[in-house]
Structures are given as structure tokens and as C-alpha cells.
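Examining the three-dimensional arrangement
Here's the letter readout for the chains.
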Amino acid sequence: MNAIKNNIPNAITSLNLLCGAMAIVMSFSGKQEIAWGLNGFEMAYALIALAAVADFFDGFSARLLHAVSNIGAELDSLSDLVSFGLAPAMVLLNMMRGYDEPWWCYVALLLGVFGAVRLARFNVDTNQTTTFTGLPIPANAIFWIGFTAWYAEHQMPVWAVAIAVVALSYLMVCPLRMFSLKLHSMSVKENWAQYLLILSTVALVATLGLPGLAVMIALYVIISIVKHEK
């Protein structure tokens, strides 16, 4: 029974990895309808979202069952790289390729490379408990879901997309301190940044739809700069 209990978190983490891998596969179908009225890109978004849910519950279950392990931590990072680094990168790559950008589309792979560097740094840094150094890789995935949802309907110059890729890649490895969404109390004074971001996210998604997610991550970066400069 102990062996089963100890591997429940790892099984949930593996689900994260599986969803990320499936999202990559779905991205190659592009705007072709796959199921339930969703095309390949939209299925990829849904699978990345499911990966995020699994990413939350694997840590939650590990703490609940007292089954935290070094292997679980490493598996979690590997899964996050696939689901939140490579999967959004492949969505962007396939979208750019659909716009006849046969060479420029490969700039999207930088997201996977810098995502790996970000996770490697996180694994050896003991100071990233209540705050993060650089943009967390799940936030990278959220941004690209929003960005590509807008890009799918509004083609833009390829150089502008490349700049966005370089900017997000840098943000993942830069020394900027970014706050965690975890609330350690209900105090508005202590958690004003978290409350502001949550309320803004609801308003942005309600008015803009999925593209609002990209604006939300930009706002997250701005609030982090303001918060940690005080």
C-alpha cells in the first residue's frame, strides 16, 4: 500500500507529461477540426490546461500523502518542460508555418530551450519558495495560449513574433523577482498584487477571451516590477 500511495503523485505528474505530449501532436493538425468542434490548436490549448490542473494536483497530493520525493521533483520539471515549454512552442511553430514562414517558425523552439534553463535553475535554487526568479514556465504557456489565440485570427509581421519569443525567453531566465499567487493570509495589504492580478484576469478574459491571457501575463510582469522595486 505504501508503494501505491507514494506513486500517486508521480502518476498525476505523468498525466501532466502525457497531456503535454498530446498537445504537441494536436498542434500539427492546425486549424483542422479534430473533435467536439475544436481544431488542433484549440485541442492543444485544452490539453495544456489539463496539464496545468495535473501540475497543481501532483504537488497537492504529494503533500497530502506525505509522498514528496526527489524523483517526483525531477519528474515534475521534465513534465513541465514538455507541457509548458515545448507544447506552446510547437503550437506557435505550426501556426507560423501555416503562414508560410518555413524558416522563421523555428525561432519558436527558443521557448523550449530557455524553459529548460529556467527549470534547471529553479531545481538548484533554494530561494524560490515565496517568490520566483524569472517568469515561471506555466506563465510562459499561459502567455502563448493567449498570444496564439489572437495570432490565429490576426496575422502579424514575423519579426514582431520573433521579438515576442526572444522577450519571453529572456523573461524566463532574467533576475526579475516575481511574486507567487499563493496566499499566506487573507490580508489585502499583504496580497494586493495577487488580488489585483486575479481580478484583472477575470476582467480581461471576460472582455477579450483567450487573448486576454497574454495581456494578463504582461500585467503580471509589470506588477512584479512595481512590487519588488518598493
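Residues numbered from 1 in each chain as written. Predicted model: local features only at pLDDT ≥ 70, side-chain atom pairs only at ≥ 80, totals over all residues. Heavy atoms only, no water.

A few points about the packing of aromatic side chains
Put simply, the rule reads: Stacked, edge-to-face and tilted labels apply to pairs of Phe, Tyr and Trp rings (six-membered ring for Trp) whose centres lie within 6.5 Å, assigned for plane angles under 30 degrees, over 60, and everything in between, in that order. Under the scheme applied here, a residue whose accessible area is under 20% of the maximum for its type counts as buried, over 50% as exposed, and between as partly exposed, the area being computed with a 1.4 Å probe on protein chains only. Per the convention used, a helix needs a DSSP run of H or I reaching at least four residues, while a strand needs a run of E reaching at least two, with both numbered from the N terminus.
Applying the stated criterion across every chain yields a total of seven aromatic pairs. Taking the centre distance of 5.0 Å and the plane angle of 85° together, the rings of Phe56 and Phe57 count as edge-to-face. We classify Phe57 as partly exposed; its relative accessible area is 41%. Arranged with centres 5.0 Å apart and planes meeting at 90°, the rings of Phe179 and Tyr220 form a pair that is edge-to-face. Placement of Phe179 in strand E4 (residues 177-179) and of Tyr220 in helix H8 (residues 212-229) is noted, with a sequence separation of 41 residues between them. Three or more aromatic residues joined by ring pairs form one cluster here, namely Tyr99, Phe143, Trp144, Phe147 and Tyr151.

Some points on the nonpolar core
How we decide: In this description, a nonpolar core means a group of buried Ala, Val, Leu, Ile, Met, Phe, Trp, Tyr and Cys residues linked to one another through side-chain atoms lying within 4.5 Å. Note on contacts: a residue pair qualifies if any of its non-hydrogen atoms lie within 4.5 Å across the two residues.
One finds Leu92, Leu135, Trp144 and Phe147 to be the most contacted residues of the largest nonpolar core, which totals 62 residues. Sort the elements by how many residues they give to this core and helix H3 (residues 70-98) lands first, with 11 residues. Those residues in contact with Trp144, other than ones at most four positions away along the chain, are Pro88, Leu92, Leu111, Ala164, Val165 and Leu168.

Quick word on the confidence of the model for the protein chain
Selection criterion: Every residue gets a pLDDT, meaning the predictor's confidence in that residue, from 0 to 100.
Here the protein chain averages 89 in pLDDT, and 93% of its residues register 70 or above. The secondary structure element of the protein chain with the lowest average pLDDT is strand E3 (residues 131-133), at 86, and the one with the highest is helix H5 (residues 137-151), at 96.

Structural notes on the packing of H3 against helix H4 (residues 110-124)
Short version of the rule: As a rule, the C-alpha atoms of each element are fitted with a line to give its axis, helices using only the stretch in contact, and angles between N-to-C directions run from 0 to 180 degrees. Just so you know how the angles are binned, under 35 degrees is roughly parallel, over 145 roughly antiparallel, 65 to 115 roughly perpendicular, and the rest oblique. Should the near helix be turned anticlockwise from the far one by less than a right angle, the crossing is left-handed, and should it be turned clockwise, the crossing is right-handed. Only Asp, Glu, Lys and Arg are considered charged, only Ala, Val, Leu, Ile, Met, Phe, Trp, Tyr, Cys and Pro nonpolar, and every remaining residue, Gly among them, polar.
Across the interface, H3 lies against H4 with an axial gap of 9 Å and an inter-helix angle of 160°. Here H3 lies roughly antiparallel to H4, going by the angle between them. In this structure, H3 meets H4 at a crossing whose hand is right-handed. Residues Glu74, Ser77, Asp80, Leu81, Gly85, Leu86, Ala89 and Leu92 of H3 form the contact with H4, whose own contacting residues are Leu111, Gly112, Gly115, Ala116, Leu119 and Asn123. A class-by-class count of the residues in the contact of H3 with H4 yields seven nonpolar, five polar and two charged.

With respect to helix H7 (residues 192-208)
To keep it simple, the criterion reads: Multiply 1.5 Å by the residue count of a helix minus one, and that product is the helix's expected span. In this description, the arc belongs to the directions extending from the helix axis to the C-beta atoms.
Here H7 contains 17 residues, and its C-alpha end-to-end distance of 23 Å stays within 8% of the 24 Å for a straight helix at 1.5 Å per residue. Those residues of H7 lying buried are Ala193, Gln194, Leu197, Ser200, Thr201 and Leu204. The arc enclosing the buried residues of H7, seen along the axis, measures out at 135°, which places them on a common side. With respect to the buried face of H7, the exposed residues turned more than 90 degrees away are Leu199, Val202, Ala206 and Thr207. Phi for Gly209, located one or two positions after H7, is positive at around 75°.

Here we look at the environment of Tyr151
By the secondary structure assignment, Tyr151 is in helix H5. On the accessibility criterion, Tyr151 (1% relative accessible area) is buried. Placed 56 residues apart in sequence, Tyr151 and Met95 show a C-alpha to C-alpha distance of 8.2 Å. Once residues lying within four places of it in the same chain are set aside, the contact partners of Tyr151 are Leu92, Met95, Met96, Tyr99, Met156 and Val161.

Details of the environment of Gly146
Secondary-structure assignment places Gly146 in helix H5. Separated by 71 residues in the primary sequence, Gly146 and Ile217 place their C-alpha atoms 9.2 Å from one another. Apart from residues no more than four positions distant in its own chain, Gly146 is found in contact with Leu210, Pro211, Leu213 and Ala214.

So, a nonpolar patch on the surface
Condition: Like-charged residues within 9 Å of one another, or nonpolar side chains (Val, Leu, Ile, Met, Phe, Trp, Tyr) within 5 Å, are grouped into patches, provided each residue has over 30% relative accessible area and no salt bridge. Where accessible areas are quoted, they stem from the Shrake-Rupley method and a 1.4 Å probe; at the residue level, only the protein chains shown are allowed to cover. Salt bridges, as used here, are contacts in which a Lys or Arg side-chain nitrogen is within 4 Å of a carboxyl oxygen on Asp or Glu.
A contiguous nonpolar patch, built from Val53, Phe56, Phe57, Phe60 and Leu64 and spanning about 500 Å² of accessible area, is present on the exposed surface. Take Phe60: it is sitting in helix H2 (residues 40-64).

Here we look at unusual backbone geometry
For residues besides glycine, phi is generally negative; the peptide bonds are generally trans as well. The backbone phi angle of Trp36 is positive, close to 55°, even though this residue is not glycine. Residue Trp36 is classed as exposed on the basis of its relative accessible area, which comes to 76%.

Description of the environment of Met26
Structurally, Met26 can be placed in helix H1 (residues 2-27). Sequence separation of Met26 and Asn123 is 97 residues, and the distance between their C-alpha atoms is 29 Å. If we ignore the near neighbours within four places in the chain, the residues touching Met26 are Ile34, Gly40, Phe41, Met43, Ala44 and Leu47.

Thoughts on H3
Just so we agree on the cut-off: A residue's bend is the angle separating two fitted axes: one through the seven residues that end there, the other through the seven that start there.
Compared with an ideal rise of 1.5 Å per residue, which puts 29 residues at 42 Å, H3 spans 41 Å between its outermost C-alpha atoms and is within 8% of the ideal. Taking the largest bend as the criterion, H3 deviates by roughly 30°, centred on Leu86, and proline Pro88 comes between one and four positions later.

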